[in-house]
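Fold and geometry: a report
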Amino acid sequence: MSVVTGGAGFIGSHLVDRLLAHGHRVRVIDDLSNGRLDNLSGCAGDPRLEVTEADVADHARIAGVFKGVDHVYHLAALADIVPSIDEPLKYHRANVDGTASVLEAARQAAVARFVYTASSSCYGIPDEVPTSEAAPMAPMYPYALSKMLGEQLALHWCQTYRLPVVSLRLFNVYGPRSRTSGTYGAVFGVFLAQKLAGQPFTVVGDGSQTRDFTYVSDVVNAFVAAARSDANGDCLNVGSGGTYSIRSLVDLLGGPIDFIPKRPGEPDCTFANIDKIRARLDWQPQVSFVEGVEHMLAAIDHWNDAPVWNADSIAVATERWFECLTPRSEAR
Ligand code: UDP
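All of these numbers come straight from a predicted model, not from anything done at the bench.

**Quick notes on the overall build of the protein**
The helix and strand tally for the protein stands at 12 helices and 13 strands. Relative to the compact-globule value of 20 Å for 332 residues, the protein shows a C-alpha radius of gyration of 19 Å, a close match. Dimensions of the protein, computed from the C-alpha atoms along their principal axes, are close to 55 × 45 × 35 Å. When burial is assessed residue by residue, the protein has 53% of its 332 residues classed as buried. By sequence separation, contacts in the protein at least 24 residues apart represent 83% of the contacts at least 6 residues apart. When the accessible area of the protein is evaluated, it comes to approximately 14200 Å², of which 50% is carbon and sulfur surface. If the 28 positive side-chain charges of the protein are averaged to one point and the 38 negative ones to another, these points end up 5 Å apart.

**Thoughts on the packing of helix 8 (residues 246-253) against helix 10 (residues 289-298)**
Direction vectors running N to C along helix 8 and helix 10 enclose 50°, while the axes themselves pass 10 Å from each other. The angle between helix 8 and helix 10 falls in the class oblique. You can see that helix 8 and helix 10 cross each other, and the crossing is right-handed. Here helix 8 contributes Ser248, Leu249, Leu252 and Leu253 to the contact with helix 10, which in turn contributes Phe289, Val290, Val293 and Leu297.

**Some details on the environment of Arg25**
Along the polypeptide, Arg25 turns up in the loop between helix 1 (10-21) and strand 2 (26-30). Taking the C-alpha atoms as reference, Arg25 lies 4.9 Å from Met1; in sequence the two are 24 residues apart. The contacts of Arg25, once residues within four sequence positions are left out, are Met1, Ser2 and Arg48.

**Considering the nonpolar core**
One finds Leu168 and Phe223 to be the most contacted residues of the largest nonpolar core, which totals 67 residues. At 8 residues, the largest contribution of residues to this core is made by helix 7 (residues 216-228). When residues no more than four places from it in sequence are discounted, the contact partners of Leu168 are Val115, Tyr116, Thr117, Ala118, Ala222, Phe223, Ala226, Leu236, Val238 and Ile277.

**Here's the deal with the sheet that holds strand 4 (residues 71-74)**
Each strand in a sheet pairs with another by means of backbone hydrogen bonds, the pair being arranged parallel or else antiparallel. Taken in spatial order, the 7 strands of this open sheet run 3-2-1-4-5-6-11, and their pairing is parallel. A strand with exactly one partner marks an edge of an open sheet, and here the two such strands are strand 3 (49-53) and strand 11 (234-238). Here the strands of the sheet are splayed against their neighbours by 20° on average, with no regard to which way each runs. Pairing of strand 5 (residues 113-119) with strand 6 (residues 165-170), which is carried by 6 bridges, proceeds in the parallel orientation. Paired with Ser119 across the strands is Leu170, a residue of strand 6. Contacts between helix 1 and the sheet are confined to strand 1 (2-5), strand 2, strand 3, strand 4 and strand 6, with strand 1 contributing the most and set at about 165° to the helix. Along the sheet, helix 4 (residues 88-108) contacts strand 1, strand 4 and strand 5; its crossing angle with strand 4, the most-contacted strand, is approximately 180°.

**A few points about the pairing of strand 4**
Where burial is concerned, the two faces of strand 4 agree: the one with His71 and Tyr73 and the one with Val72 and His74 are both buried. Where strand 1 lies against strand 4, 4 bridges are found, and the strand directions are parallel. Opposite Val3, over in strand 4, you have Val72 as the bridge partner. Bridge analysis of strand 4 against strand 5 gives 4 bridges, and the strand direction is parallel. The partner of Val72 across the bridge, within strand 5, is Phe114.

**Looking at the packing of aromatic side chains**
Counted by the stated rule, this structure contains 12 aromatic pairs. Taken together, a centroid distance of 5.1 Å and an interplanar angle of 65° make the contact between Tyr184 and Trp309 edge-to-face. Of the two residues, Tyr184 is situated in the loop between strand 7 (173-174) and helix 6 (187-196) and Trp309 in the loop between helix 10 and helix 11 (311-317); the sequence distance between them amounts to 125 residues. Each member of the pair, Tyr184 as well as Trp309, is classed as buried. Taking 5.3 Å as the distance between ring centres and 85° as the angle between the ring planes, the aromatic pair formed by Phe188 and Phe213 counts as edge-to-face. Taken together, the residues Phe188 in helix 6 and Phe213 in the loop between strand 9 (210-211) and strand 10 (214-215) connect sequence positions 25 residues apart. With a relative accessible area of 4%, Phe213 lands in the buried category. Members of the aromatic cluster, each reached through a chain of ring pairs, are Tyr174, Phe188, Phe213, Tyr215, Tyr244 and Phe289.

Conventions we followed
Residues numbered from 1 in each chain as written. Predicted model: local features only at pLDDT ≥ 70, side-chain atom pairs only at ≥ 80, totals over all residues. Heavy atoms only, no water. Helix = DSSP H or I, 4+ residues; strand = E, 2+ residues; numbered from the N terminus. Rg over C-alpha atoms; globule rule 2.2 N^0.38 Å. Buried < 20%, exposed > 50% of the residue type's maximum accessible area, 1.4 Å probe, protein only. Contact = heavy atoms within 4.5 Å. Areas by Shrake-Rupley, 256 points an atom, 1.4 Å probe, with all protein chains shown as cover. Lys, Arg positive; Asp, Glu negative; His and termini not counted. Charge placed at Lys NZ, Arg CZ, Asp CG, Glu CD. Axes fitted to C-alpha atoms, helices over the stretch in contact; angles between N-to-C directions. Parallel < 35°, antiparallel > 145°, perpendicular 65-115°, else oblique. Left-handed = near helix turned anticlockwise from the far one by under 90°. Core = buried A, V, L, I, M, F, W, Y, C linked by side-chain atoms within 4.5 Å. Pairing = 2+ DSSP bridges. Phe/Tyr/Trp six-rings, centres within 6.5 Å; stacked < 30°, edge-to-face > 60°.

Set out below in structure tokens:
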């Protein structure tokens, strides 16, 4: 039996589908602040699925859910840069206190393995590319900091209480069901909504920056392999094996461009060195960038109700970003 926190979210719901398909029983904990029950509609009514609507930081409320559980997949978290700058305490509670609360519940229930969802944003603007797990931690904004602190908690529970922990550092995950809420967020959702509305793609800078876009089914494979492995106290990058420019994404999606200003704190390249996860988990990415983008275009109707961002609305939404992340030496 598995617990998936954040199981009604983008990646969590794909993981739940996979675990059920493999015949496992699954308990989801999700406060539905970003997650949506709709994401689990494919398995609604499955007697092996139980959903508890709760905030993971509410330890008393969630502890009982872990009784008799083998694997804990901790994906519940708040994402995105801008709101984390505006509301750092909210992010600390969800991503740091929430992780401590889930770790304690997992420890009390003596689970066999705890898989933590870490973020490539912990590397900040890395000097080493492809970036290995040994690269220094350099979070540039509160979201990245909160995910890094959550990982440190998980490793500490491993060290102090012998809780078997694996931390997966995810690079730019994309796929169907990626969030489409009101918050300005990941590039795929922004671009697909713009394409549906017949609006230009808002390309940051000159679009030559590259991202290690990793397809969600490959990420789910990594979670399942991590839970089944004997890895213990390991941090493992999860990437696609490549890095792709925003211009190449626009070429695949097809449509006009509106260039918007480059912003501070963003790396020009994210690119995971995945040697360690290949060796430790015998895991390989399977879905190429071209195939992944094809899957996204096939599912584009999902973004019908998504907010359509443009240069002006993005300028307003990212005002605090520029204010807080511009290096002091460059700020006016
Ligand atoms: N990006 C863009 N236009 C947008 C939003 C994002 O060109 O409207 C670019 C952004 O500059 C970055 C890449 O897309 O280089 C990925 O951005 P996202 O926010 O998805 O991920 P992250 O920057 O956190 O890796």
